[in-house]
Amino acid sequence: MVGGAIMEIQTDFSNLMNRLKEKYPTTTEQDREEAITYAVTQYLKLTHEDTYDIQNLVFMDWIRRACFEILDRKYVLGVVGGVKQYSENGYQFTLDGTEISNALAFEIAKVGFPK
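Remember, it's a predicted structure, so these values are computed and weren't measured experimentally.

Quick notes on the pattern of salt bridges
Point 1. Summed over all chains, the structure comprises three salt bridges.
Point 2. The salt bridge involving Glu 22 is made with Arg 19; its shortest N-O contact spans 3.0 Å. Pair noted here: Glu 22 and Arg 19 are both in helix H2 (residues 14-23), with a separation of three residues, about one helical turn.
Point 3. Residue Asp 61 pairs with Arg 65 through a salt bridge whose shortest N-O separation is 2.9 Å. One end of the pair, Asp 61, and the other, Arg 65, are both in helix H4 (residues 57-76), four residues apart, so they sit about a helical turn from each other.
Point 4. Within the structure, one salt-bridge network assembled from shared partners comprises Asp 61, Arg 64 and Arg 65.

Below, the structure is given as structure tokens:
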């Protein structure tokens, strides 16, 4: 199935919704839907496409990993927004200040090159 302008999160991403609920049991359904929506939106922006294909394994894997990053930041690290570095009682981490890591974004970013 190919998604269009209106995403059907519950239908198109039902398996991912279940996986996110299992991995992040303290999240709400709305949190999981928002993570998927944000991930898909970022994917479409980075690829300059206006539709997605849930049969595309690369697409679905990227969306899954993006959702993990988004929810990890909020529910595991407790970070919301553009925090870049945090340190407390010997515990520290550094982020790149974005919701989706640059490394993940660069996996699919299409840069125009002369042909």
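Considerations on unusual backbone geometry
Point 1. Unusually for a residue other than glycine, His 48 sits at a positive phi of about 60°.
Point 2. Structurally, the position occupied by His 48 is in the loop between helix H3 (29-47) and strand S2 (52-53).

Focus on the confidence of the model for the protein
Point 1. When the pLDDT values of the protein are averaged, the result is 77; 67% of them are 70 or greater.
Point 2. A low-confidence stretch, residues 111-115 stays under pLDDT 50, and its non-local contacts, those more than four residues away or across chains, total zero contacts.

Things to note about H3
In an α-helix, one turn spans 3.6 residues; hence positions three or four apart end up facing the same way.
Point 1. End to end, H3 covers 27 Å across 19 residues, agreeing with the expected 27 Å (1.5 Å per residue, within 8%).
Point 2. His 48, located one to two residues past H3, shows a positive phi value of around 60°.

Details of H2
Point 1. Listing the buried residues of H2 in full gives Leu 16, Met 17 and Leu 20. The buried residues of H2 occupy an angular sector of 105° when projected down its axis, which confines them to one face. Facing away from the buried side of H2 by more than 90 degrees, the exposed set consists of Asn 15, Asn 18, Lys 21 and Glu 22.

Thoughts on the packing of H2 against H3
Helix-helix packing is described using two parameters, namely the angle between the two axes and the distance between the axes.
Point 1. Direction vectors running N to C along H2 and H3 enclose 125°, while the axes themselves pass 10 Å from each other. Judged by the angle between their axes, H2 and H3 are oblique. Between H2 and H3 the crossing geometry is right-handed. In this structure, H2 contributes Leu 16, Met 17, Leu 20 and Lys 21 to the contact, and H3 contributes Glu 29, Arg 32, Glu 33 and Ile 36.
Point 2. Per-class residue counts for the contact of H2 with H3 are four nonpolar, no polar and four charged.

A few points about the packing of aromatic side chains
Point 1. If you walk through the whole model with that rule in mind, you get six aromatic pairs.
Point 2. Between Phe 13 and Phe 59, the aromatic rings sit 6.3 Å apart at their centres with planes inclined by 55°, giving tilted as the arrangement. Highlighted residues: Phe 13 in the loop between helix H1 (9-12) and H2 and Phe 59 in helix H4, separated in sequence by 46 residues. With respect to class, Phe 13 is no different from Phe 59; both count as buried.
Point 3. Cluster of aromatic residues (ring-pair linked, three or more members): Phe 13, Tyr 43, Tyr 52, Phe 59 and Trp 62.
Point 4. Here Lys 23 stacks its cationic end above the ring of Phe 68, 4.8 Å away from the centre of that ring.

About the cut-offs
Residues numbered from 1 in each chain as written. Predicted model: local features only at pLDDT ≥ 70, side-chain atom pairs only at ≥ 80, totals over all residues. Heavy atoms only, no water. Salt bridge = Lys/Arg side-chain N within 4 Å of Asp/Glu carboxyl O. Helix = DSSP H or I, 4+ residues; strand = E, 2+ residues; numbered from the N terminus. pLDDT = per-residue confidence, 0-100. Contact = heavy atoms within 4.5 Å. Expected span 1.5 Å × (residues − 1). Buried < 20%, exposed > 50% of the residue type's maximum accessible area, 1.4 Å probe, protein only. Arc of directions from axis to C-beta. Axes fitted to C-alpha atoms, helices over the stretch in contact; angles between N-to-C directions. Parallel < 35°, antiparallel > 145°, perpendicular 65-115°, else oblique. Left-handed = near helix turned anticlockwise from the far one by under 90°. Nonpolar A, V, L, I, M, F, W, Y, C, P; charged D, E, K, R; others polar. Phe/Tyr/Trp six-rings, centres within 6.5 Å; stacked < 30°, edge-to-face > 60°. Lys NZ or Arg CZ within 6 Å of the ring centre and 35° of its normal.

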